[in-house]
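# An overview of the molecular structure
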Amino acid sequence: MNEPTSENPTSAKVETETQGTVDPLANDEPRRFFMKAVIAIGAGAVAVLTPLIAGVLFFLDPLLRRGKDGGDDEFIKLETTVDALPADGTPQRVTVFADRVDAWNKFLHQQIGSVYVRKIGDQVIVFNATCPHLGCGVDYRPTTQDFFCPCHTSAFDLDGQKKNDIPPRAMDVLEAEIRNKTEIWVHYQDFRAATEEKIPV
């Protein structure tokens, strides 16, 4: 112990007063360390999980979008109406447009095919305009009142039935509905050519 001197008469008293005291900052050290660790782990998790989750969502986007957009109704509205069709059942060729989805890209109002539409009474019948023989486009011949494929001379009557043995099957009839009294909606599909069975592709 320092003895009081004439230069510093209070030094012994100060040392005595500091003995036995506890530094309050020393008890907070583990807590500060724990908080730093928690913050570091949280920041690391955010840094890792954010791009990971974004990547997973980006990868699954086509599947999620398909489920959201497709639903149970895959019908496409044709750009014609029941009122615009000839009442005598003359076929009308109609181009089919739809939005195309290619993985992560969506192309609006793209031509996806053609159909022939006939009005029969209060109903409509819709044929795919592709020949089931080898996939050429089928024409309608007003003079003979039938459908004819110029590639290999396949011929079909107005009901789509074969008129010769060249095509393996009749013209492909598509599911169609009349909605809102005049709108024509079709479930457009292409089918495999050169087979007797009607196999969607």
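So, here's what we can say about the structure. None of the values given here were measured: they were computed from a predicted structure. (Residues numbered from 1 in each chain as written. Predicted model: local features only at pLDDT ≥ 70, side-chain atom pairs only at ≥ 80, totals over all residues. Heavy atoms only, no water.)

### Things to note about the nonpolar core
Ranked by internal contacts, the top residues of the largest apolar core, which has 17 residues, are Leu 78, Val 96, Val 115, Val 117, Leu 174, Ile 184 and Tyr 188. Those residues within four positions of Leu 78 in sequence are excluded, and the remaining contacts are Val 94, Val 96, Val 115, Val 117, Ile 184 and Val 186. Listed in part, the twelve residues of the second largest apolar core include Cys 136, Phe 147, Phe 156 and Met 171. (Core = buried A, V, L, I, M, F, W, Y, C linked by side-chain atoms within 4.5 Å. Buried < 20%, exposed > 50% of the residue type's maximum accessible area, 1.4 Å probe, protein only. Contact = heavy atoms within 4.5 Å.)

### Considerations on the sheet that holds strand S1 (residues 76–81)
Strand order in the open sheet formed by six strands is S1-S9-S8-S4-S3-S2, with antiparallel pairing between adjacent strands. Looking along the sheet, the strands with just one partner apiece sit at the ends: S1 and strand S2 (92–102). Going across the sheet, the axis of each strand differs from the next one's by a mean of 40°, ignoring polarity. Where S1 and strand S9 (residues 183–187) come together, three bridges link them in antiparallel fashion. In the sheet register, Thr 81 faces S9, and the bridge partner there is Glu 183. (Pairing = 2+ DSSP bridges. Helix = DSSP H or I, 4+ residues; strand = E, 2+ residues; numbered from the N terminus. Axes fitted to C-alpha atoms, helices over the stretch in contact; angles between N-to-C directions.)

### Regarding the state of the cysteines
Throughout the structure, instances matching the rule amount to one disulfide. Through a disulfide, Cys 136 is tied to Cys 151; the S-S separation comes to 2.2 Å. Its torsion about the S-S bond being -105°, the disulfide of Cys 136 and Cys 151 is classed as left-handed. Residue Cys 136 is found in the loop between strand S4 (123–128) and strand S5 (139–141), and its partner Cys 151 is found in the loop between strand S6 (146–148) and strand S7 (155–156); the two are separated by 15 residues along the sequence. Looking at Cys 151, the relative accessible area reads 39%, which means it is partly exposed. Take Cys 131: it sits in no disulfide, and the sulfur closest to it among the cysteines is that of Cys 149, at 3.9 Å. Its relative accessible area of 2% is what places Cys 131 among the buried residues. What makes Cys 149 buried here is its relative accessible area of 1%. (Disulfide = S-S within 2.5 Å.)

### Focus on unusual backbone geometry
Phi is positive for Gln 145, close to 55°, though the residue is something other than glycine. Exposure remark for Gln 145: the relative accessible area of 39% places this residue in the partly exposed category. Unlike most non-glycine residues, Asn 180 shows phi in positive territory, near 55°. Residue position: Asn 180 is located in the loop between strand S8 (173–179) and S9. Classification of Asn 180 as exposed rests on a relative accessible area of 60%.

### Observations concerning the side chain of Thr 195
Locating Thr 195 in the fold gives a position in the segment after S9. A polar side-chain atom of Thr 195 sits 3.5 Å from the main-chain carbonyl oxygen of Arg 192. A polar side-chain atom of Thr 195 sits 2.8 Å from the main-chain carbonyl oxygen of Glu 197. Setting aside residues up to four positions removed in sequence, Thr 195 forms contacts with Pro 168 and Arg 169. (Polar contact = N/O pair within 3.5 Å; in protein donor to acceptor, adjacent residues only side chain to side chain.)

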